[in-house]
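Architecture at a glance
Each chain, letter by letter, is given below.
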Amino acid sequence: MAAGLAAQTMYELGLLLFASFIVGEIFERIGIESIIGYIVTGLVLGPSILDMIQPGTVKGFATIGASLVLFQAGLREENVVEIFRHRKGLQLGLGVLAGSFVFILGLLLVFGETFLPYESLTAFVYLALGYAIVDIGVPSKIMLSKGLLRSETGKYTVKSSVINVTVGLLALTGLVIINSSVSTLFMKVGGIVAFAVVFYIMHEFIHRIDDYIIMMEETEAQFAITFALLLGLSYATEVIGLSTVLGAFFAGILVSRSEFSDSRAFQEKIQAIGLGLFIPIFFAWFGLGLNINSIIANIEAATFLFVLSTVSKFGIGYVTSRLHSMDDSFMIASSLLSLDIETLVVLLIGIDMGIFGGEILQIFAPSVLLSTTTIVILYSLKDRFDL
């Protein structure tokens, strides 16, 4: 019996992974993010259409995938302090986060009950925060494709995105604490304080440990230690009542301060296990849980939230970058519009907290396609009219 179940899991996992890469590659070739291809694959193979794979079969792998996404986000910068010392990037990142949050929350309080199946202030706050957070990956990809990643414009855009996401996730941590019951509040606060102390010590002294890790001749050992740290911090944040992905994000920041993390062999292994296995499974798992009829039924709510997010981010991003006398303000503002894993993390935690039901995933799903399409259109307009 156990062997039969294992064989079925292997079959479904292999089918999902193979199909995801095929569809993702097709989407990339026609100019659409491969992530959307992964989600579409899950939607087609899941209960909504072909009913070949159940979401529960790959949920464990998907959890690791979500953790690796945030781990790589934390791995992008070597020093958290240095990121926040970039004054213009700090102003843009915080401006987009705070400005979009206030704008979205204000309109949700006025029109939220009309377009959404929610009416509580807590739900609106989580939605406003989730849709105010930008995606780190898209700005990096855009600047890289334009050959601007190491330019002042590239650094400005990417650092502002990192600041936006970092502060957004810290704000999410605060929301989780505030929404805790009185009986668990002190335990969570104590756990978070203990975690913060341990993180600070490791952050400041990881270079001493780094010397011993580099002495290991096998790069596999370095990778194994890194993965153990990722899983350990993910477990720790889950225990203290936060989320596994937050622990993975902090693990990425720690590892980014080590010397071996800059080696080509290490980078290739992280990308291979992340982009080659767990991350596609995560997005495909997300697609498995979607239902076409539910998406259609919630398209008005999805469009409403997407418009609020796009208008606020683009407006604030454009005005702020112009005030900073940055070149390509239109491109900078356009690169901040993507809704992706970071927003999804906020919504998933909202589900775990009992604030949302499963319908929020049906509401969010179209936003990934809508934001990607909007960015493509805006870039086409920029290239055509030299905006």
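Computed from a prediction, not measured in an experiment: that's the story for all the values here.

**Topic: the overall build of the protein chain**
- Each helix and strand counted, the protein chain has 17 helices and zero strands in total.
- Out of the 387 residues belonging to the protein chain, those deemed buried represent 51%.
- Residue pairs in contact within the protein chain that sit at least 24 positions apart in sequence constitute 79% of those at least 6 positions apart.
- Counting every atom, the protein chain has about 17,500 Å² of accessible surface; 66% of that belongs to carbon and sulfur.

**Focus on the packing of aromatic side chains**
- Applying the stated criterion to the full structure yields 13 aromatic pairs.
- Counting every residue linked through ring pairs, the aromatic cluster contains Tyr-118, Tyr-126 and Phe-356.

**Quick word on helix α16 (residues 341-352)**
- Counted at 1.5 Å a residue, the expected span for α16 with its 12 residues is 16 Å, and the 16 Å between its end C-alpha atoms agrees.
- With nine of its 12 residues buried, α16 lies for the most part within the structure.
- Taken together, the buried positions of α16 are Ile-341, Glu-342, Thr-343, Leu-344, Val-345, Val-346, Leu-347, Ile-349 and Gly-350.
- Gly-354 occupies a position one or two residues after α16 and carries a positive phi of about 80 degrees.

**Let's talk about the environment of Gly-93**
- Among the structural elements, Gly-93 can be located in helix α5 (residues 87-115).
- In this structure, Gly-93 is in contact with Ser-160 and Asn-164, ignoring residues within four places of it in sequence.

**Quick word on the nonpolar core**
- Residues Phe-71, Leu-108, Leu-116, Tyr-118, Leu-127, Phe-286 and Phe-356 are the most contacted members of the largest nonpolar core, which totals 106 residues.
- Of the residues forming this core, the biggest block, 11 residues, is contributed by helix α12 (residues 264-288).
- Those residues in contact with Leu-108 that lie beyond four places of it in its chain are Glu-113, Leu-116, Phe-124, Leu-127, Ala-128, Phe-304, Leu-305 and Leu-308.
- Among the nonpolar cores identified, the runner-up in size contains six residues, and Phe-330, Met-331, Leu-378 and Tyr-379 belong to it.

**With respect to unusual backbone geometry**
- The backbone phi angle of Asp-51 is positive, close to 55 degrees, even though this residue is not glycine.
- Tracing the backbone shows Asp-51 in the loop between α2 (34-45) and α3 (59-74).
- The class for Asp-51 is partly exposed, based on a relative accessible area of 45%.

**Focus: the environment of Leu-337**
- Residue position: Leu-337 is located in the loop between α15 (329-335) and α16.
- Taking the C-alpha atoms as reference points, Leu-337 and Ala-132, 205 residues apart in sequence, are found 9.5 Å from one another.
- Setting aside anything within four residues of it in sequence, one finds Leu-337 in contact with Thr-310, Lys-313, Phe-314, Ser-371, Thr-374, Ile-375 and Leu-378.

**Things to note about the packing of helix α14 (residues 299-323) against helix α17 (residues 359-385)**
- Remark: α14 packs on α17, axes separated minimally by 9 Å, with the N-to-C direction vectors making an angle of 45 degrees. As judged from the angle between their axes, α14 and α17 are oblique. Regarding α14 and α17, the two cross each other, and that crossing is right-handed. Contacts between α14 and α17 pair Ile-299, Ala-301, Ala-302, Leu-305, Phe-306, Thr-310 and Phe-314 from the former with Ile-363, Pro-366, Ser-367, Leu-370, Ser-371, Thr-374 and Leu-378 from the latter.
- For the contact of α14 with α17, the per-class residue count stands at 10 nonpolar, four polar and no charged.

**Brief notes about the packing of helix α8 (residues 152-178) against helix α11 (residues 244-256)**
- At their nearest, the axes of α8 and α11 sit 11 Å apart, and the two run at 140 degrees to each other. Put simply, α8 runs oblique to α11. Considering how the two elements wind past one another, α8 and α11 form a crossing that is left-handed. Packed against α8, whose contacting residues are Thr-166, Leu-169, Leu-170 and Thr-173, the element α11 presents Leu-246, Phe-249 and Phe-250 at the interface.
- Here the residues of the contact of α8 with α11 are counted per class, giving five nonpolar, two polar and no charged.

**A short note on a nonpolar patch on the surface**
- Taken together, the side chains of Tyr-11, Val-40, Val-44, Ile-49, Leu-50, Met-52, Ile-292 and Ile-296 make up a nonpolar region of the molecular surface, amounting to roughly 650 Å² of accessible area.
- When residues of the nonpolar patch are traced back to their parent elements, those giving at least two are α2 and α13 (292-297).

Cut-off values and rules
Residues numbered from 1 in each chain as written. Predicted model: local features only at pLDDT ≥ 70, side-chain atom pairs only at ≥ 80, totals over all residues. Heavy atoms only, no water. Helix = DSSP H or I, 4+ residues; strand = E, 2+ residues; numbered from the N terminus. Buried < 20%, exposed > 50% of the residue type's maximum accessible area, 1.4 Å probe, protein only. Contact = heavy atoms within 4.5 Å. Areas by Shrake-Rupley, 256 points an atom, 1.4 Å probe, with all protein chains shown as cover. Phe/Tyr/Trp six-rings, centres within 6.5 Å; stacked < 30°, edge-to-face > 60°. Expected span 1.5 Å × (residues − 1). Core = buried A, V, L, I, M, F, W, Y, C linked by side-chain atoms within 4.5 Å. Axes fitted to C-alpha atoms, helices over the stretch in contact; angles between N-to-C directions. Parallel < 35°, antiparallel > 145°, perpendicular 65-115°, else oblique. Left-handed = near helix turned anticlockwise from the far one by under 90°. Nonpolar A, V, L, I, M, F, W, Y, C, P; charged D, E, K, R; others polar. Patch = residues over 30% accessible without salt bridge, like charges linked within 9 Å, V, L, I, M, F, W, Y side chains within 5 Å. Salt bridge = Lys/Arg side-chain N within 4 Å of Asp/Glu carboxyl O.

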